[in-house]
Amino acid sequence: EESHFEIWSIGGFNAENPQYWCRSREGLLRMANCSLSYEAVVQHKLAQLDEILDRGAEEIFLDFMRISGFSHSFEYVEPMLESFKNRHAVDSPPGHADPRWRKHVFGVITEYLRRFRKHLDARDRKITLVAGIPLVSGKARDTSMGFDWLRWIDEGLIDALNVITVNWDKKNALPDTRAQYEQIIQLVDGRCPVYFPV
């Protein structure tokens, strides 16, 4: 794990590489997360993956919840800012609520997942990749956190989806949860297994 919601859980790579820490638009550092827009961070994670695969792993579970509350609002780091500027021809970055910023940040995460999948497919055995996503919504193509899990399924990047949580209606929790589960199943349309919490 990179981190697990508490300061004592910060991994060694993060502690030793503050130059890769995420930051807010205002410059607030977030040592719990290193940005995937840095090639060195991606290489580190892929090296970890290769080590796990070398030990014989047959199934990988990527848990996108236990990353200390990651948010696109903490991705105002130089590579992300530069690529956004080049793509949108703007001098200053938009606020994190701007859909262009959100799409850009989560596009970088999807690109990381493509590289992750290539490492799995380069092995001489079938390796199953399960993605665990928090706050999944059956009402939109992505989640309230922005992970484009339907694109991941469309592209064959993941083999199964684990719905960790849905953002249910607090006034109608159980019926709304059931309805969202059914909507998610319809969106996936049998292309991969979907696991729900009971």
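Residues numbered from 1 in each chain as written. Predicted model: local features only at pLDDT ≥ 70, side-chain atom pairs only at ≥ 80, totals over all residues. Heavy atoms only, no water.

**As for the pairing of strand β5 (residues 160-163)**
The two faces of a sheet get side chains in turn, since along a regular strand they alternate between them.
Then, in step 1: Burial along β5 is two-sided: the residues Ala160 and Asn162 and Leu161 and Val163 are all buried.
Then, in step 2: Inspection of the sheet shows strand β4 (residues 128-133) paired to β5 by four bridges, in the parallel sense. By the bridge assignment, Val130 is partnered in β5 with Ala160.
Then, in step 3: In terms of strand pairing, β5 meets strand β6 (residues 194-195) through two bridges, oriented parallel. Its bridge partner lying in β6, Leu161 is registered against Val194. (Buried < 20%, exposed > 50% of the residue type's maximum accessible area, 1.4 Å probe, protein only. Helix = DSSP H or I, 4+ residues; strand = E, 2+ residues; numbered from the N terminus. Pairing = 2+ DSSP bridges.)

**A few points about the packing of helix α3 (residues 78-88) against helix α4 (residues 99-121)**
Then, in step 1: Where α3 meets α4, the axes come as close as 11 Å, and the angle between the chain directions of the two elements is 120°. The pairing of α3 with α4 is recorded here as oblique in orientation. In the crossing of α3 with α4, the sense of the turn from one axis to the other is right-handed. Residues Met80, Leu81, Ser83, Phe84, Arg87 and His88 of α3 lie in contact with α4, whose contacting residues are Arg100, Trp101, His104, Val105 and Val108.
Then, in step 2: Tallied by class, the residues present in the contact of α3 with α4 amount to six nonpolar, three polar and two charged. (Axes fitted to C-alpha atoms, helices over the stretch in contact; angles between N-to-C directions. Parallel < 35°, antiparallel > 145°, perpendicular 65-115°, else oblique. Left-handed = near helix turned anticlockwise from the far one by under 90°. Contact = heavy atoms within 4.5 Å. Nonpolar A, V, L, I, M, F, W, Y, C, P; charged D, E, K, R; others polar.)

**Concerning α4**
Then, in step 1: Along its 23 residues, α4 runs 32 Å from first to last C-alpha, staying within 8% of the 33 Å computed at 1.5 Å per residue.
Then, in step 2: Looking only at α4, the buried set comprises Trp101, His104, Val105, Phe106, Ile109, Thr110, Tyr112, Leu113, Phe116, Arg117 and Leu120.
Then, in step 3: Elements that come into contact with the buried residues of α4 comprise α2 (39-54), β3 (59-63), α3, β4 and α5 (149-154).
Then, in step 4: Structurally, the start of α4 carries an N-cap: the backbone nitrogen of Arg100 is 2.8 Å from a side-chain oxygen of Asp98. (Expected span 1.5 Å × (residues − 1). Polar contact = N/O pair within 3.5 Å; in protein donor to acceptor, adjacent residues only side chain to side chain.)

Geometric values such as these leave the question of function open.
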